[in-house]
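# Architecture and fold: a report
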Amino acid sequence: MSEKYVKMLKAMLNGSITSIEVFFLTLIFSVPLALLICGGRMSRAKVLSWITRIFLLIIRGTPLMLELLVVYFGPALFVRWLKSFGIEATSWNRFTAAIVALSVNYACYFAEIYRGGIESIPRGQYEAGKVLGYTPSQTFFRIIIPQVVKRIMPAMGNEVITLVKDTALVSVIGVAELLMVAKERQSALFSFTPLFIAGVFYFVMNWFVTMGFSKLEKKLSYYN
């Protein structure tokens, strides 16, 4: 194997690691954040529920690529404005901006999945918990949540698969993830190989995600 292809593989390996980091960090932050957003959306406080609905509408109604640009360049412009008044401030780096934008975006989609799962549970389940002597919190966590987890698993799987592919969008703010590296190497080598390798990587990643969710669904099948 020629030296240029060895360099290509090393560069793409580094890009793959970056893509994996973006994927897992987004999941780690978006899943719990979605619980808070879901709570706000379902809150009995009308003001909080209304604000959350507007926030969801904005995030779900605008392109993720645009959100990445706003999250990265917005604070940078604000920092520049502060410095014009002699106030020292620093903006976040590209990688941090990418994680923030992706986490908020996916938290909004996850929140709606959570809400759909919770609202799909018949009211009789809550009444049954009350008859058994459970408190509202015990009913929610012991009876409702296990059923919700089972019901939302397919939808969550679809979103996580999409997240694997959406990690490629962080290249718009200069994060050197796999696809960005592949396009650079493709231009340098005049070869389709880097793009093919990138495609294989995304396929394998999604294969692992699909298998993981399939196993989770089988383990939870006793709720049927």
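Residues numbered from 1 in each chain as written. Predicted model: local features only at pLDDT ≥ 70, side-chain atom pairs only at ≥ 80, totals over all residues. Heavy atoms only, no water.

Counting through the fold element by element, Glu112 comes out in helix H4 (residues 94-119). According to the relative accessible area criterion, Glu112 is buried, its value standing at 16%. Side chain to side chain, Glu112 and Arg115 meet in a polar contact 3.0 Å long. Those residues in contact with Glu112 that lie beyond four places of it in its chain are Arg41, Leu56 and Arg60. (Helix = DSSP H or I, 4+ residues; strand = E, 2+ residues; numbered from the N terminus. Buried < 20%, exposed > 50% of the residue type's maximum accessible area, 1.4 Å probe, protein only. Polar contact = N/O pair within 3.5 Å; in protein donor to acceptor, adjacent residues only side chain to side chain. Contact = heavy atoms within 4.5 Å.)

With that settled, consider the packing of aromatic side chains. Under the criterion given, the structure shown has 6 aromatic pairs. Over the ring of Tyr126 we find Arg123, and its NZ or CZ is 4.4 Å from the ring centre. Taking the ring centre of Tyr134 as reference, the NZ or CZ of Arg142 above it sits at 5.7 Å. (Phe/Tyr/Trp six-rings, centres within 6.5 Å; stacked < 30°, edge-to-face > 60°. Lys NZ or Arg CZ within 6 Å of the ring centre and 35° of its normal.)

Think of an α-helix as turning once every 3.6 residues; residues three or four places apart then point the same way. Along its 39 residues, helix H1 (residues 3-41) runs 55 Å from first to last C-alpha, staying within 8% of the 57 Å computed at 1.5 Å per residue. At Ser30, H1 is deflected by roughly 25 degrees, the largest bend along its length, and proline Pro32 occurs up to four residues later in sequence. (Expected span 1.5 Å × (residues − 1). Bend = angle between axes of the 7 residues up to and from the residue.)

Attention shifts here to the environment of Cys38. Among the secondary structure elements, Cys38 is positioned in helix H1. Once the C-alpha coordinates of Cys38 and Asn14 are considered, the two residues, 24 residues apart in sequence, prove to be 36 Å apart. In contact with Cys38, other than residues within four places in its own chain, are Ala111, Tyr114, Arg115 and Ile118.

Let us look at the side chain of Glu67. Note on placement: Glu67 falls in helix H3 (residues 64-83). One buried charge, Glu67, has no salt-bridge partner; the nearest side chain with opposite charge is Arg60, at 9.4 Å. In contact with Glu67, not counting residues within four places along its chain, are Ile58, Ile59, Thr62, Ala101 and Asn105. (Lys, Arg positive; Asp, Glu negative; His and termini not counted. Salt bridge = Lys/Arg side-chain N within 4 Å of Asp/Glu carboxyl O.)

Read these as spatial facts, not as claims about activity.
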